[in-house]
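These are the residues of each chain, in order.
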Amino acid sequence: HTLVCVMASNTDSDLADAGVQFVQRAKLSSSPQPWAGPFSFIQLADTQYGMLKKDKTWEEETAMFKQAINHINRLKPRFVIVCGDLVNARPTESEGPVQATQVSDFKETCNLIDPEIALLCLCGNHDVGDRPTPQSMRLFKARFGPDYFSCYTGGVHCLVLNSSYMSDPTLVQDLAAEQEQWLQQELAQAKPQHRLAFSHIPPFIERPDEPEGYFNFDLPVRKRVLQMLKDGGTTKWFCGHFHRNAGGWDEDLEVVVTSAVGTTLTSVPGANILELEGCGSTQCGPDTSGLRIVKVTEFGVAHKFFTLDGVPQAIALDSLTWD
């Protein structure tokens, strides 16, 4: 039941050892698998070491990630995916040294995950910058491996996307075009049992025609990518970035916006939730931080968010409902 991943063609051949080792943690291989029975996986978002205390310390986020890992090791999902903003500091000249320490600490915490459970990490805007550069992308790939790739496990095709190329490709136009071409090729493959997508930034927060804002895609790229995924039979798109639970439907495609396993946000009543002005207070604790359990059966995909103080003892795979 290992996770089988096909690497994207954009991988730098001179990936640093650290990035290669981190990729190997995900049990990468190159051949798809047929449907092999129901399984679960766990989605985390925004571990974001350093957010609560503005990079002075990240003890609280580390503690929450460790609590999540205790649940993960007990529940033994097929894989765990962290949907971006792994750390809070950005890869700028001023924040770069702090980011390097946060990345080191984040990876050290990841080592607590049972090695039998595949681990996938994708990049968020804090990891590569709000406006990514070729340099920031090289740095992320050196640390974590490919910034986009596809995975097969038991008849399920997972598309792991770099949403920063969709959010602001100003300085990485060629890289963004390469990802979109790769995505079209992936979506043209034979339809699997289920096709799922993952990214940090969601295409939308609540509905596909909502106005543009900090937390979603601009409308032209949003419409284009949503249509591509729908035409390719994708049924779920799991995201983070919002630090609150949200989401909605675009025809048969559900966009699932998952709150943080690190520092969560409240919404300011009456303010525009699509912009930063809609962000209220921060909190980081087991009664607010959490994870999403996803059950995959032959007939469907069901998911539910649990705060860390309310994660079930086991996952029942004989039903798509939650008791």
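Anything mentioned here points back to the structure above.
Here goes a summary of the coordinates provided. (Residues numbered from 1 in each chain as written. Predicted model: local features only at pLDDT ≥ 70, side-chain atom pairs only at ≥ 80, totals over all residues. Heavy atoms only, no water.)

## Here's the deal with the nonpolar core
Counting residues in hydrophobic clusters, the biggest one holds 67 residues, and the most contacted among them are L44, F106, L183, L229 and W237. Looking at this core, the element that brings in the most residues is helix α2 (residues 59-75), giving 6 residues. Setting aside residues up to four positions removed in sequence, L183 forms contacts with L159, L161, V225, M228 and L229. Within the second largest apolar cluster, 21 residues are counted, among which are L120, L122, V156 and F238. (Core = buried A, V, L, I, M, F, W, Y, C linked by side-chain atoms within 4.5 Å. Buried < 20%, exposed > 50% of the residue type's maximum accessible area, 1.4 Å probe, protein only. Helix = DSSP H or I, 4+ residues; strand = E, 2+ residues; numbered from the N terminus. Contact = heavy atoms within 4.5 Å.)

## A short note on the packing of α2 against helix α3 (residues 96-110)
Two numbers describe how α2 lies on α3: the axes approach to 10 Å, and their chain directions differ by 20°. Of the possible angle classes, the one that applies to α2 and α3 is roughly parallel. You can see that α2 and α3 cross each other, and the crossing is right-handed. In contact with T62, F65, K66 and I69 of α2, α3 contributes F106, T109 and C110. Looking at side-chain class alone, the contact of α2 with α3 contains 4 nonpolar, 2 polar and 1 charged residues. (Axes fitted to C-alpha atoms, helices over the stretch in contact; angles between N-to-C directions. Parallel < 35°, antiparallel > 145°, perpendicular 65-115°, else oblique. Left-handed = near helix turned anticlockwise from the far one by under 90°. Nonpolar A, V, L, I, M, F, W, Y, C, P; charged D, E, K, R; others polar.)

## Here's the deal with the packing of α3 against helix α5 (residues 134-144)
Packing of α3 against α5 leaves a shortest axis separation of 12 Å and a crossing angle of 25°. As far as their axial angle goes, α5 and α3 are roughly parallel. In this structure, α3 crosses over α5, and the sense of that crossing is right-handed. Within the contact between the two elements, α3 uses Q99, A100, V103, F106 and K107 and α5 uses L139, R143 and F144.

## So, the pairing of strand β4 (residues 118-122)
In terms of burial, β4 is largely enclosed, as 5 of its 5 residues are buried. Neither face of β4 is exposed, since A118, L120 and L122 on one face and L119 and C121 on the opposite face are all buried. In the sheet, strand β3 (residues 79-83) pairs with β4 via 5 bridges, with the strands oriented parallel. By the bridge assignment, I81 is partnered in β4 with L120. Each parallel crossover has a hand, and the one from β3 via α3 to β4 is right-handed. (Pairing = 2+ DSSP bridges. Right-handed = clockwise from strand over helix to strand, strands pointing away.)

## Remarks on the sheet that holds β3
The 5 strands lie next to each other as β4-β3-β2-β13-β14, forming an open sheet whose pairing is mixed. Looking at strand neighbours, the two that pair on one side only are β4 and β14 (300-307), the edges of this open sheet. Along the sheet, successive strands turn relative to each other by an average axial angle of 20°, direction set aside.

## Description of the pattern of salt bridges
Summed over the entire model, instances satisfying the criterion amount to 9 salt bridges. Measuring nitrogen to oxygen at the nearest pair gives 2.7 Å for the salt bridge that ties R131 to D168. Taken together, the positions of R131 in the loop between α4 (125-128) and α5 and D168 in the loop between α6 (164-167) and α7 (173-187) put the pair 37 residues apart, joining distant regions of the chain. Measuring nitrogen to oxygen at the nearest pair gives 3.2 Å for the salt bridge that ties K230 to E251. Taken together, the residues span a long stretch of sequence, with K230 in helix α8 (residues 219-231) and E251 in the loop between β9 (246-250) and β10 (253-257) at a distance of 21 residues. On the basis of relative accessible area, E251 is assigned to the exposed category, the value being 60%. (Salt bridge = Lys/Arg side-chain N within 4 Å of Asp/Glu carboxyl O.)

## Concerning the environment of L187
In this fold, L187 is placed in helix α7. Each C-alpha atom of the pair L187 and T92 lies 35 Å from the other, and the pair is 95 residues apart in sequence.

## Description of the side chain of T47
Among the secondary structure elements, T47 is positioned in the loop between β2 (39-44) and α2. At 2.9 Å, the side chain of T47 and the backbone oxygen of L86 are in polar contact. Those residues in contact with T47 that lie beyond four places of it in its chain are E61, F65, V82, G84, D85, L86, F106, V261 and G262. (Polar contact = N/O pair within 3.5 Å; in protein donor to acceptor, adjacent residues only side chain to side chain.)

## Comments concerning unusual backbone geometry
Residue Q48 is not a glycine yet carries a positive backbone phi of 40°. By the element assignment, Q48 lies in the loop between β2 and α2. The phi torsion at E251 lies on the positive side, around 55°, for a residue other than glycine.

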